[in-house]
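Next come the chains, spelled out residue by residue.
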Amino acid sequence: MPKKPPFFKKKNSPSKNGVCSPSHLQGVPVQLRIIKMVQGGDGMARLPDGRVCFVQGALPGELCEVELTFQKKDFTRGRVVRVVEPSPDRAVPKCPLYGKCGGCSLQHLDSRKQAEYMAQVERENFRRLAHAELPEDFVIHTGSPWGYRNRARVVPQFARNGECSGFAFREQESNALIPFGNCPVLTPALNEFLQGPARKIFGSGSLPRRPARPGDVSLNVFDNGKGEVSYYYRGMPKEEFEKNAVSVVEIEGRKIESDASVFFQSNLGLLPELVQSVRRAVDEGLSNGNACNDWLIDLFSGVGFFAALLQDKFKRVTTVERDDGCLKHAKKNLSAKDSGMASVENVSAPAEEWLADHVVDIPATLIVDPPRTGLPGEALEAIVRSSVKRLIYVSCDPVTLSRDYAKLAMAGFGLERAEGFAFYPQTPHMEMLFVLSR
Ligand SMILES: C[S@@+](CC[C@H](N)C(=O)[O-])C[C@H]1O[C@@H](n2cnc3c(N)ncnc32)[C@H](O)[C@@H]1O
């Protein structure tokens, strides 16, 4: 029998509660063959004792030397120390902060292959979580792999003299700050803004030069797709807000107003393809009688983005959004008088509360675009109880989408079409569209 590598010596075995101190494991690499990529972009392998190991920075098929960083009774995590047999799809990460900044953790995979790998991950994800198959024709729409991101939140960094010296990203999980110079996924206009004019925002006006604690202030920046940058920070004076935070995006020849304090889609290059797919889903429902043109309901509507682009097809439109900073824009973006519609309501409320108070007793056309957490339980139940027969579900998290789909399927909804949109290249995130009907 081959001698066990040091990692498998008894002192490194899981303790009673299944957890080992990572410090025992450091510096003891183990060779693993990567089986597949999983949700989140890690490679998955099996340790000789059968436990799963999620390996950061590894690709399917590769043989890697892996340092374990965490272990539990049923799974472990590790990172690549050396790639012994690389995949032909391996790429050299473009950003010097790869591995430090948690943002673009998929840079080791050739940009041209990312959609293909993600499609496999999503197929398996859906099988595991929803116990169903994604349709055969599931496709992922792709756009520019770099310089695509038109929206970011950054944290100003300050020099000793109190002047802003640059910006950092905040790592989501640890809250750590990662200073950066030029970020290759941000649009050129955002990079230029952050390297120049943005530094003057701090210390020049109403803000203290240096916040009480580093990281207390953050700056939202938004490029409207034409290289015009707007920005927002908390406490921004009203006059400065009106002048510098508000922006107008043009999609399909229509002007949509927003501002840098609220949600807006962050890949304007690929957004028209998502809009076209949503429009197609709406048109199909109207023409096959699965949905009616009496009422369009856009839930989690932000500034009324989808409703504004589709309103001309409907007699009545309702947008529902929790963030009341969106309301004034939604009112401007949707106007009954411009389109000759009977009515437009822009509601500022949680979607689940609005659904609880309003009976949807006609087969209205319903679009939902919830945050990563997916549909709140009450919202999902209200949709199931309603007369809606066609649901157009836009999601930025395939995991919660699969979970919600499983519940909707039990209530009789079937999956008519699924499409992916590579809104966040170099990261393991993706936008999805499901068209469901019953
Ligand atoms: C993914 S964004 C979509 C926005 C919009 N559809 C768009 O494309 O611009 C999700 C939106 O849902 C809002 N939101 C989050 N939870 C909500 C809730 N419980 N009820 C209503 N809106 C909510 C957020 O403020 C955000 O604007």
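Relevant structure appears above.
All values derive from a computational prediction rather than experimental measurement.

Criteria and cut-off values
Note that residues are indexed from 1 along each chain, following the sequence as it is written. Local features are withheld for residues below a pLDDT of 70 in this predicted model, meaning they are given only at 70 or higher, and side-chain atom pairs are given and counted only at 80 or more; totals for whole chains, interfaces and linings count all residues. Note: side-chain values were computed over all heavy atoms of the structure, leaving out hydrogens and water. For each residue, the test is whether any non-hydrogen atom lies within 4 Å of the molecule or strand; if one does, the residue is near. Contacts described as polar in this section are N or O atom pairs within 3.5 Å, which, within protein, must combine one atom able to donate a hydrogen with one able to accept it, while residues neighboring in sequence count only if both atoms come from side chains. Each accessible area is a Shrake-Rupley result for a 1.4 Å probe, and residues are judged covered by the shown protein chains and nothing else. In this classification, Asp, Glu, Lys and Arg are treated as charged, Ala, Val, Leu, Ile, Met, Phe, Trp, Tyr, Cys and Pro as nonpolar, and every other residue, Gly included, as polar. Two cysteine sulfurs form what is called a disulfide whenever their separation falls within 2.5 Å. Note on terminology: a nonpolar core comprises buried Ala, Val, Leu, Ile, Met, Phe, Trp, Tyr and Cys residues joined through side-chain atoms within 4.5 Å. Think of it in three bands: with a 1.4 Å probe and only protein chains considered, a residue is buried below 20% of the maximum accessible area for its type, exposed above 50%, and partly exposed in between. Domain borders in the structure are assigned automatically or taken from a domain database. Within the patch definition used here, like charges are joined within 9 Å and nonpolar side chains (Val, Leu, Ile, Met, Phe, Trp, Tyr) within 5 Å, considering only residues with over 30% relative accessible area and no salt bridge. Just to be clear on terms, a salt bridge is a Lys or Arg side-chain nitrogen sitting within 4 Å of an Asp or Glu carboxyl oxygen. Residues scored as positive are Lys and Arg, those scored as negative are Asp and Glu, and His as well as the terminal groups of each chain are ignored. By convention, charge coordinates are those of NZ in Lys, CZ in Arg, CG in Asp, or CD in Glu. Labels follow the DSSP assignment, with helices taken as runs of H or I lasting at least four residues and strands as runs of E lasting at least two, numbered in each case from the N terminus. Strands are labelled as partners when DSSP assigns at least two bridges between them. Any two rings among Phe, Tyr and Trp, with Trp reduced to its six-membered ring, count as a pair given centres within 6.5 Å; such a pair is stacked if its planes are under 30 degrees apart, edge-to-face if over 60, and tilted if neither. By the convention used here, residues are in contact when the closest approach between their heavy atoms is within 4.5 Å. Helix axes are fitted only over the stretch in contact, all axes being lines through C-alpha atoms; the angle between N-to-C directions runs from 0 to 180 degrees.

Visitor: Sorry, what's going on with the site of the ligand here?
Guide: Surrounding the ligand, one finds 17 residues, the nearest of these being Gln 265, Glu 321, Ala 351, Glu 352 and Asp 369. Within the side chain of Glu 352, a nitrogen or oxygen atom sits 3.0 Å from a nitrogen atom of the ligand. Here a nitrogen atom of the ligand sits 2.9 Å away from a polar atom, N or O, in the side chain of Asp 369. Alone, the ligand offers 590 Å² of accessible surface; in the complex the protein occludes 93% of this. The class makeup of the residues in the shell around the ligand is nine nonpolar, three polar and five charged.

Visitor: I tried to follow the state of the cysteines on my own but got confused; where do I start?
Guide: Linking two cysteines covalently via their sulfur atoms produces the bond known as a disulfide. Following the criterion strictly, the structure yields zero disulfides and no others. Its sulfur unpaired, Cys 95 is 6.3 Å from the next cysteine sulfur, which belongs to Cys 183. No disulfide involves Cys 183; its sulfur sits 5.8 Å from that of Cys 104, the nearest cysteine.

Visitor: For this particular structure, what's the right way to read the nonpolar core?
Guide: Grouped burial of nonpolar side chains is what soluble globular proteins tend to show. Core analysis: the biggest nonpolar cluster contains 67 residues, and Leu 219 and Val 278 have the highest contact counts within it. Built from parts of two domains, this core gets at least three residues from each of domain 2 (113–144 + 268–437) and domain 3 (151–259). Trp 295, Leu 355, Leu 366 and Leu 380 belong to the second largest nonpolar core, which has 49 residues in total.

Visitor: Explain a negative patch on the surface here, please?
Guide: On the surface, Glu 353, Asp 357, Glu 378 and Glu 381 cluster together into a negatively charged patch. Elements supplying a minimum of two residues to the negative patch: helix 10 (351–357) and helix 11 (377–385). In this fold, Asp 357 is placed in helix 10.

Visitor: In this structure, what is going on with the pairing of strand 1 (residues 30–33)? I would like to understand it.
Guide: Successive residues of a regular strand alternate their side chains across the two faces of the sheet. Burial along strand 1 is one-sided: the face carrying Val 30 and Leu 32 is buried and the face carrying Gln 31 and Arg 33 is not. As defined by bridge partners, strand 1 adjoins strand 5 (residues 63–71) across four bridges and the pair is classed as antiparallel. Across the sheet, the residue bridging to Val 30 is Val 66, located in strand 5.

Visitor: Even after reading the chapter, I still don't get the packing of aromatic side chains, so can you show me in this structure?
Guide: To describe a pair of aromatic rings, you give the distance between the ring centres and the angle between the ring planes. The tally for this structure, following the rule as stated, stands at 17 aromatic pairs. Taking the centre distance of 6.1 Å and the plane angle of 70° together, the rings of Trp 295 and Trp 354 count as edge-to-face. Linking Trp 295 in the loop between helix 6 (271–288) and strand 15 (296–299) with Trp 354 in helix 10, this pair joins segments that are 59 residues apart in sequence. On the basis of relative accessible area, Trp 354 is assigned to the buried category, the value being 3%. On the basis of an interplanar angle of 85° and a centroid distance of 6.1 Å, the ring pair of Tyr 405 and Phe 434 is categorised as edge-to-face. Here Phe 434 lies in strand 21 (residues 431–437) and Tyr 405 lies in helix 12 (residues 398–410), a separation of 29 residues in the sequence. Comparing Tyr 405 with Phe 434 shows no difference in burial state: the two are buried.

Visitor: Explain unusual backbone geometry here, please?
Guide: With glycine set apart, most residues show a phi of negative sign, and most peptide bonds adopt trans. In the Ramachandran plot, Glu 252 falls in the positive-phi region, its phi being about 50° despite a non-glycine side chain. One can find Glu 252 in the loop between strand 13 (246–251) and strand 14 (254–259). Unlike most non-glycine residues, Phe 300 shows phi in positive territory, near 60°. Residue position: Phe 300 is located in the loop between strand 15 and helix 7 (305–310).

Visitor: Explain the side chain of Glu 419 to me, please; I cannot follow it from the model alone.
Guide: With respect to the element layout, Glu 419 can be found in strand 20 (residues 414–421). The exposure class of Glu 419 is buried, given its relative accessible area of 5%. Within the structure, Glu 419 has its side chain in polar contact with the side chain of Ser 277 (distance 2.7 Å). Every residue in contact with Glu 419, bar those within four places of it in the chain, is listed here: Phe 138, Val 139, His 141, Ser 277, Arg 280, Glu 431, Met 432 and Leu 433.

Visitor: So what exactly am I meant to see when it comes to the pattern of salt bridges here?
Guide: Note on pairing: side chains with opposite charge can pair once their charged atoms come close. If you walk through the whole model with that rule in mind, you get 23 salt bridges. Arg 51 serves as the salt-bridge partner of Asp 49, at 2.9 Å between the closest nitrogen and oxygen. Note on Asp 49: relative accessible area 42%, which makes it partly exposed. Between Glu 284 and Arg 280 there is a salt bridge; the shortest N-O distance is 3.2 Å. Here the residue Glu 284 and the residue Arg 280 both occupy positions in helix 6, the gap between them amounting to four residues, near one helical turn. Counted as one network, the salt bridges with shared partners bring together Arg 280, Glu 284, Arg 390, Glu 416, Arg 417 and Glu 419.

Visitor: Please clarify how the sheet that holds strand 5 should be interpreted in this entry.
Guide: Consider a sheet: its strands pair through backbone hydrogen bonds, and that pairing is either parallel or antiparallel. Spatially, the six strands line up as an open sheet ordered 1-5-6-4-3-2, and their pairing is mixed. The outermost strands of the open sheet, each flanked by one partner alone, are strand 1 and strand 2 (36–37). Taken together, the eight bridges between strand 5 and strand 6 (residues 75–85) define a ladder with antiparallel strand orientation. When the bridges of strand 6 are listed, Gln 71 appears paired with Thr 76.

Visitor: What should I look at first to understand the sheet that holds strand 11 (residues 219–223) in this one?
Guide: One open sheet holds the five strands; their spatial order is 10-9-8-11-12, and the pairing between them is antiparallel. Two strands lie at the open edges of the sheet, namely strand 10 (177–180) and strand 12 (229–232), each paired on one side alone. Ignoring which end each strand starts from, the neighbouring axes of this sheet average 40° apart. In this structure, strand 8 (residues 151–158) lies alongside strand 9 (residues 164–170), joined through four bridges in antiparallel fashion. Bridging across to strand 9, Val 155 finds its partner in Ala 168. Each of strand 8, strand 9, strand 10, strand 11 and strand 12 is contacted by helix 3 (residues 188–195), which is oriented at about 140° to strand 11, the strand it contacts most.

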